[in-house]
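Residue-level listing of the chains:
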Amino acid sequence: MTVGILVVSHSAAIATGTVELARQMAADVPLVAAGGTEDGGIGTSFEAITEGIGALSSADAVVVLCDLGSAYLTTDTALDFLDEADRARVHVSQAPLVEGTVAAAVAAQTGGDVDAVLAAAASAAASAEDVSSASRPTGDRPGGATPVDDGGPVPETVASATVELVNESGLHARPAAEFVKAAAKHEARVRVNGVDAKSLLAIMALALPQGATVTIEADGPDAQDAVDTLVALVRSGFGE
Amino acid sequence: MALDTAWAIDWVRRTAATIDDHRAELVTLDREIGDGDHGENLDRGFRAVVEAVDSATFDTPGAVFKTVATKLISTVGGAAGPLFGTAYLKAAQAAGDTAELDADTLVAVLTAARDGVVSRGKAEVGDKTMVDAWSAAVDAASTAAAAGEGPERVLAAAADAAVAGAESTEPLVARKGRASYLGERAVGHRDPGAQSTAYILRAAVDAA
């Protein structure tokens, strides 16, 4: 599955700059910029967005990242004018533009499907709270079901392990993306060297090279499984 | 004058003229609590709308609304493009093939426009947005139509209420749009989109 990414900004410079930045780490991902108005001013263009989606017609899915409010409004309006088949291909992420685009592009570059790309974009939000609000609605659960832990404190499993990075590039873009993908499959809260292991950008910001020591800690129902899986992934050298 | 195709076309021209007249005021309102482009954006949009309307012929008010919608969406550039564009698009659908709007159809048209703005912008009454003007207009129009008023009186009731709705945004803290970044500092300023909504509906009355 190929996932294309459309960057919608009020500013042409921001859109093209964000695409350049993401392309550096995701050379094979189709990335299109739709920034500014038709006449080169600040604003969002219905036509540029429509053309951008058209330019990504060979991708199986398109993930759109937007900057401020009316970028979303114009994008939503453009989607309303697409035929149903095209509309179903396009997904709008609520993630912050620059961080979300980079994370989404890296996930797409590493072969992620559209859900993985959207999840990577959502994980680029600044904090754990932002991540949860960006990836799923808070508040009432559908069907009115309440979480089981309402009945009282449930003992949480805590697990941790320390392991050395054996692969040549360390926890750089592609390995980091695989690491996040594996961490995100677990319900447990997972931290790597103190940062959220489900946040691609947080992990990349650690800039851990080959030979660095990685401490993985987890708490939650499947904490031990999360730590075991991630340790095995690190020891495998991420296929390098 | 009946609310027919000629009225709809005249409404468009009068809207472009009133937005042009109030461009500076709308820019100032938007500069106080937004990004300052509302007046310029709408002015550019309605100029393009007038050009499009002048170069085509129309059989129904709905056909005029549809052209307004597509031109605004493609030329405005700010949030007002998709918002007003969606309003006119939904208005066009509600008007259907009717050659002349009666009171009930007019209420349906205004309601569809308001609902379009709400669904596009996800704002509610009291969020300090154009929804406050649209909703006041729809409520007043419904009341007037239920009281047996004719279409022109219903339209006048809507336009008057839109002015009150725009004024009602002044004491509010914004919960949507660029002004929501300002918190309490938006209090005391009128929402520019609510104000332009009032001007647009006033132009509809003047055309009737």
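Residues numbered from 1 in each chain as written. Chains lettered and ligands numbered in written order. Predicted model: local features only at pLDDT ≥ 70, side-chain atom pairs only at ≥ 80, totals over all residues.

**With respect to the packing of helix α6 (residues 103-121) of chain B against helix α8 (residues 151-167) of chain B**
All names here are of chain B.
- At a minimum axis separation of 8 Å, α6 and α8 run at an interaxial angle of 30 degrees. Between α6 and α8, the interaxial angle falls into the category roughly parallel. The interaxial crossing formed by α6 with α8 has right-handed handedness. Contacts from A103, L106, V107 and L110 in α6 reach P151, V154, L155 and A158 in α8.
- For the contact of α6 with α8, the per-class residue count stands at 8 nonpolar, no polar and no charged. (Axes fitted to C-alpha atoms, helices over the stretch in contact; angles between N-to-C directions. Helix = DSSP H or I, 4+ residues; strand = E, 2+ residues; numbered from the N terminus. Parallel < 35°, antiparallel > 145°, perpendicular 65-115°, else oblique. Left-handed = near helix turned anticlockwise from the far one by under 90°. Contact = placed C-beta atoms within 7 Å. Nonpolar A, V, L, I, M, F, W, Y, C, P; charged D, E, K, R; others polar.)

**Side note on the sheet that holds strand β6 (residues 189-192) of chain A**
- Spatial ordering of the open sheet is given by β5-β8-β6-β7 (chain A), a layout of 4 strands whose pairing is antiparallel. The sheet is open, and its two borders are formed by β5 (158-164) and β7 (195-196) of chain A, each paired with just one other strand. (Pairing = 2+ DSSP bridges.)

**Quick notes on the nonpolar core**
- If you look at the biggest cluster of nonpolar residues, it comprises 148 residues, and the most contacted ones within it are V63 and A120 of chain A together with A137, A141 and A158 of chain B.
- If one sorts the elements of this core by residue count, helix α7 (residues 130-146) of chain B sits on top with 11 residues.
- Of the domains in this structure, domain 1 (3-135) and domain 2 (149-239) of chain A are the two that each give at least three residues to this core.
- When residues no more than four places from it in sequence are discounted, the contact partners of A120 of chain A are A103, A104, V106, A107, G112, A177, V180 and L200 of chain A.
- Formed by 5 residues, the second largest nonpolar core is a distinct cluster that contains I33, L172, A179 and A186 of chain B. (Core = buried A, V, L, I, M, F, W, Y, C linked by C-beta atoms within 7 Å. Buried ≥ 20, exposed ≤ 12 C-beta atoms within 10 Å, placed from the backbone. Domains from an automatic or database assignment.)

**Examining the packing of helix α4 (residues 61-75) of chain B against helix α5 (residues 80-95) of chain B**
Residues and elements named next belong to chain B.
- Look at α4 against α5: their axes get within 8 Å of each other, and the N-to-C directions meet at 160 degrees. As summarised for this structure, α4 and α5 are arranged roughly antiparallel, according to the angle between their axes. Remark: the crossing between α4 and α5 carries left-handed chirality. The segment α4 lies against α5, with P61, G62, F65, K66, V68, A69, L72, I73 and T75 engaging G81, P82, F84, G85, Y88, L89, A91, A92 and A95.

**Some words on unusual backbone geometry**
- Although it is not a glycine, A207 of chain A sits at a positive phi angle of roughly 50 degrees.
- Positionally, A207 of chain A belongs in the loop between α9 (200-206) and β8 (213-219).
- Assessed through the 11 C-beta atoms surrounding it within 10 Å, A207 of chain A is described here as exposed.
- Phi at K122 of chain B is positive, roughly 60 degrees, even though this residue is not glycine.
- Among the secondary structure elements, K122 of chain B is positioned in the loop between α6 and α7.

**Quick word on the domain arrangement of chain A**
Residue and element names in this part refer to chain A.
- By domain assignment, chain A separates into domain 1 (3-135) and domain 2 (149-239).
- Between the C-alpha centres of domain 1 and domain 2 the distance comes to 27 Å.
- For the side of domain 1 that touches domain 2, the elements supplying multiple residues, two or more each, are α5 (97-109), α6 (114-123) and α7 (128-135).

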